[in-house]
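# Architecture at a glance
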Amino acid sequence: MIDLFGSWLDSRLRLAKFARKAFNHVFPDHWSFMLGEIALYSFVILVLTGLYLMLFFDASDSQVIYHGSYRALDGVLVTDAYRSVIHLSFDVRAGLLVRQMHHWAALIFVAAIVVHLMRIYFTAAYRRPREINWLIGVTLLALAIFNGYLGYSVPGDLLSGAGLRIAYAIVLSIPLIGPWLAYMGFGANVPSSVMTARMYGLHICLIPALIAALLVAHLGIIWRQFHTNYPGPGRTNESIVGSRLWPTYTAKSIGLFCLVFAFIGALGGLVQINPIWIYGPDNPAAIQPAAQPDWYLGWIEGAMRLFPGVHLRAGSLLFPEVLFPAVLFPLFVFAVLYAVPFIDKIFSAKSDEQHHVLMLPSQRPLATGLGCAAFAMLVVAFFAGSDDVIAIAAGASVVTVRLILRILFFVVPAVTFVISYLACVRLNRPAPEDWERYRVSRPDTTAVLGMKCSD
Amino acid sequence: MSPRPEDHNRTLRGLTVDTISAVKELFKRTTRDISTAGRGAAAASQQAAPPPTILAKSGRAEDRSIGQPARSDGLRTFAVVVAFLCAVGGGIGFLYVFWSGGTNLLLGVTVGISFGALGCGLVLWAHLLMEQREATEPREPLLSPRDEREDAFASYAAGEHQVQRRKLLVGLSTLVAGTFAAVVVSMVRAFGKDPYLALLGTVWKRGQGLMTLQGKHMTVNSLRVGDTMTVFPPNRIGSVHAQTVLIRVNPEFLQLPKNRANWAPGGYVAYSRVCTHAGCPVGEYEDTTNLLLCPCHQSTFNVLNGGVPTGGPAARNLPQLPLYVDSDGTLRAAGDFSAPPGPGFWNLPPTADPGRGEP
């Protein structure tokens, strides 16, 4: 049967050569190559669940009086968007499951990208020829964060209202174009009668289309360049070692998709997320107590709290206080991320070569130390985003907690750098015979390679 | 080309026969799988190996075997069968819960079971029943051979020659592109007139009464010392931008700047309720310290001395609203806020406010 279909297709597209290559395509077996796949499959789940939500969501800021099956909100003035999400959660079959799966999948999507990025960084997989894919990947991270923010901003609840006001202030603070950008994105103020429709358009169309297009490019480049290999016997710059796409890798990968789906489905059913009926509808005069953004924006929220209350005046120009922690700091973080392959190139000896065998983190003490330090800094910023909650839990004043976190923001990365650097040096030092295991070139494979290259 | 009817029939018949025989073969193999349980591992692994001709053609003949079959194939197949049956069971469970209008919790559990079992089954199939072979494929050099590059460049140059000759047309194309860019950019006008009208425009006018959300006027007797009320201009009740917090403090404690000495009749002070840091409502008033607290980032503003920020990330004063009391005791605005309310932007005019961040 597959013969018949294959012949039918081949007589129209001439696919036999490509098909053979595709079936034989080799994927490495190391678990850390699955991190990117988890991100990919989370995105697939986001699209699937998002399509279902789209059937029931009403992206409108019109005010209505709620009269529905959730009695606690009966008679409350809400937006159409909020009403439709409450309806979706209580009256649509599997609506709450799909909505919670969508939210969990978004959290896991960004998390998987971040962990995947760390794997790439610490093993120097971004090196030539994979710089383009690093740049695409960093862009995907930014888009994922942005779309996650848009997603939890559209239901018109009290928590999203706080996030919207803060985002409006952040956009407003951008020099020259800020007021116009904020006006375009949100309308004349927050809340406005146009913001949900605008954010929704971005959330379900433009940003997902960009993510999908970049994902295709990301995967296409991986297909073209093959994956990297961890160092080991037979792992050279001239070959790729692992399982074939058909059937082993196919089974494993579809299996992984099912497991990711199962995990997110179970979370969606068992673990409540973003219960907007408890938060209540947005009310511009009120704020959700101890409001926190979704985890991937915690570092920006934290930076806003850590940054001292100063702004800059240059003549009549104002650089508002939120510009520094919430615009320039994230821009700086992403600029550094984008620059990683090019900074690395300056310091690495064989920068002109193709790199297909990964480095172990311990082989690059400086890069590993700096990466750990940068990550630690963002973790401190993340916790600073909850400084009021920490203060309540610790029974201390917010001022004290914030002072300690400001110190930690610099001390923790420094200590992390020293520890991780020394750990790498120590891992490298005592066993020179172990080094032999990680030598990249192995004479016994070159003969095989010479034969296959002529093919 | 379209096949003749009899061809079509033959193909169809062939297809049906093929399908039936394939199903039969599958059934035979499955039963054989289970019946070989307990037989030697060597027999099982022989069974799994494809015919030598196919192996040679596939280019996989040299794949290195890395996994040794330890237990019998039958037991392994049984494990995968159990997993797949669990997946079917979970799916049926989901259908039952869904159609009977069951809880979200049960829906999640059944989704988890069905997909979890299916995923486990597939991974087990790959690990237990497929050949554990390590394949090695050569990487093609990513840089094209020199002649291919030269040919590509020549093809480009052959066309470029024709384009570059027409300097005028190339220049005009750039102009057209620039015009289109200007058209696209100018379409931001569709969003409205001008954001600055809202950002810098007047919020309060002299003589406007302070109204509550319920539309009641505030008078000198409306609040006790230490109490607060959110008020609006009469024409903008409920407005986010115009929301104002009215507080009654002990007038003896007031330390307002000299030019604001008469802004707080009877100890009534009024400030913009929009935080100058990130725009959250500055709703919490602590009367022991006379501070307004923003719940978002914990900025605090002193209401006694003109809304100066005393802590947290805010740098600019809360804009103050000058007040007066008219002949019948109603509280009214004596003018607009001391500065445009809300978070800062690049051309927010400097004020004479005694703010922390102001030079």
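Here we summarise the structure given alongside this text. Note that this is a predicted model, so its numbers are computed, not measured. (Residues numbered from 1 in each chain as written. Chains lettered and ligands numbered in written order. Predicted model: local features only at pLDDT ≥ 70, side-chain atom pairs only at ≥ 80, totals over all residues. Heavy atoms only, no water.)

Tallying the contact residues gives 79 residues for chain B and 93 residues for chain A. Close ionic contact of arginine 244 of chain A with aspartate 63 of chain B constitutes a salt bridge, the shortest N to O distance being 2.7 Å. Summed over the shared surface of chain B and chain A, the result is 35 residue pairs in polar contact (both at pLDDT 80 or more). Elements supplying a minimum of two residues to the side of chain B that touches chain A: α1 (5–35), α3 (52–58), α4 (73–99), α5 (104–129), β2 (133–138) and α8 (195–200) of chain B. Tallying contributions element by element places α5 of chain B first for the side of chain B that touches chain A, with 16 residues. Taken together, the residues of the side of chain B that touches chain A break down into 40 nonpolar, 23 polar and 16 charged. (Contact = heavy atoms within 4.5 Å. Salt bridge = Lys/Arg side-chain N within 4 Å of Asp/Glu carboxyl O. Polar contact = N/O pair within 3.5 Å; in protein donor to acceptor, adjacent residues only side chain to side chain. Helix = DSSP H or I, 4+ residues; strand = E, 2+ residues; numbered from the N terminus. Nonpolar A, V, L, I, M, F, W, Y, C, P; charged D, E, K, R; others polar.)

Attention now goes to the pairing of strand β9 (residues 308–311) of chain B. On a regular strand, each side chain points to the face opposite its neighbour's, so the side chains alternate between the two faces of the sheet. Residues and elements named next belong to chain B. Relative to β9, strand β8 (residues 300–302) runs antiparallel, the two being bridged by 3 bridges. Residue pairing in the sheet places phenylalanine 301 in a bridge with proline 309 of β9. Linking β8 back to β9 in an antiparallel pair, the connection comprises 5 residues, with glycine 306 at a positive phi of about 105°. (Pairing = 2+ DSSP bridges.)

Another aspect to go through is the pattern of salt bridges. All told, the structure shown has 22 salt bridges over all chains when counted by the stated rule. Among the ionic pairs, glutamate 131 of chain A bridges to lysine 345 of chain A, the shortest N-O distance being 2.7 Å. Taken together, the residues span a long stretch of sequence, with glutamate 131 of chain A in helix α6 (residues 131–153) and lysine 345 of chain A in helix α13 (residues 323–347) at a distance of 214 residues. The partner of arginine 332 of chain B in a salt bridge is aspartate 326 of chain B, with the nearest N and O atoms 2.7 Å apart. Several salt bridges converge on common partners, so that one network encompasses Glu301, Arg305, Asp387, Asp388 and Arg402 of chain A.

With that out of the way, let us pick up helix α7 (residues 158–172) of chain A. All names here are of chain A. Between its first and last C-alpha atoms α7 spans 21 Å; for 15 residues at 1.5 Å apiece the expected length is 21 Å, and the two agree. Where burial is concerned, most of α7 is hidden: 14 out of the 15 residues are buried. Two or three places before leucine 159, at the opening of α7, aspartate 157 has a side-chain oxygen 3.3 Å from that residue's backbone nitrogen. (Expected span 1.5 Å × (residues − 1). Buried < 20%, exposed > 50% of the residue type's maximum accessible area, 1.4 Å probe, protein only.)

All names here are of chain A. Here the amide bond leading from arginine 128 into proline 129 is cis, since omega sits at 10°, within 30 degrees of zero. By the secondary structure assignment, proline 129 is in the loop between α5 (95–122) and α6. Following tryptophan 246, the chain continues to proline 247 via a peptide bond in cis, the omega torsion being 0°. The residue proline 247 is located in helix α10 (residues 245–270) in this model. Here alanine 124, not a glycine, exhibits a phi torsion of approximately 60°, which is positive. Turning to its location among the elements, alanine 124 is positioned in the loop between α5 and α6. Relative accessible area serves as the criterion here: at 6%, alanine 124 is assigned to the buried category. Notably, asparagine 274 is not glycine yet its phi reads approximately 50°, a positive angle. Secondary-structure assignment places asparagine 274 in the loop between α10 and α11 (276–279).

Let us now look at a nonpolar patch on the surface. A cluster of nonpolar side chains, namely Leu403, Ile404, Ile407, Leu408, Val411, Val415 and Ile419 of chain A, defines an oily patch on the protein surface of about 600 Å² accessible area. Tracing the chain through its elements places valine 415 of chain A in helix α16 (residues 398–428). (Patch = residues over 30% accessible without salt bridge, like charges linked within 9 Å, V, L, I, M, F, W, Y side chains within 5 Å. Areas by Shrake-Rupley, 256 points an atom, 1.4 Å probe, with all protein chains shown as cover.)

What follows deals with α5 of chain A. Residue and element names in this part refer to chain A. For α5, built from 28 residues, the straight-helix expectation of 40 Å at 1.5 Å per residue is met to within 8% by its first-to-last C-alpha distance of 40 Å. Of all 28 residues that make up α5, 23 are buried, and the element is covered over most of its length. Count one or two residues on from α5 and you reach alanine 124, which has phi positive near 60°.

Attention now goes to the sheet that holds strand β4 (residues 239–244) of chain A. Pairing in this open sheet of 4 strands is antiparallel, and the strands run β1(A)-β4(A)-β2(B)-β1(B) from one edge to the other. Pairing within the sheet leaves two strands with one partner each, and these edge strands are β1 (26–27) of chain A together with β1 (64–65) of chain B. Bridge count between β1 of chain B and β2 of chain B: 2 bridges; the pairing is antiparallel. When the bridges of β2 of chain B are listed, arginine 64 of chain B appears paired with glutamate 134 of chain B. Running at roughly 70° to β4 of chain A, α10 of chain A makes contact with β1 and β4 of chain A of the sheet. (Axes fitted to C-alpha atoms, helices over the stretch in contact; angles between N-to-C directions.)

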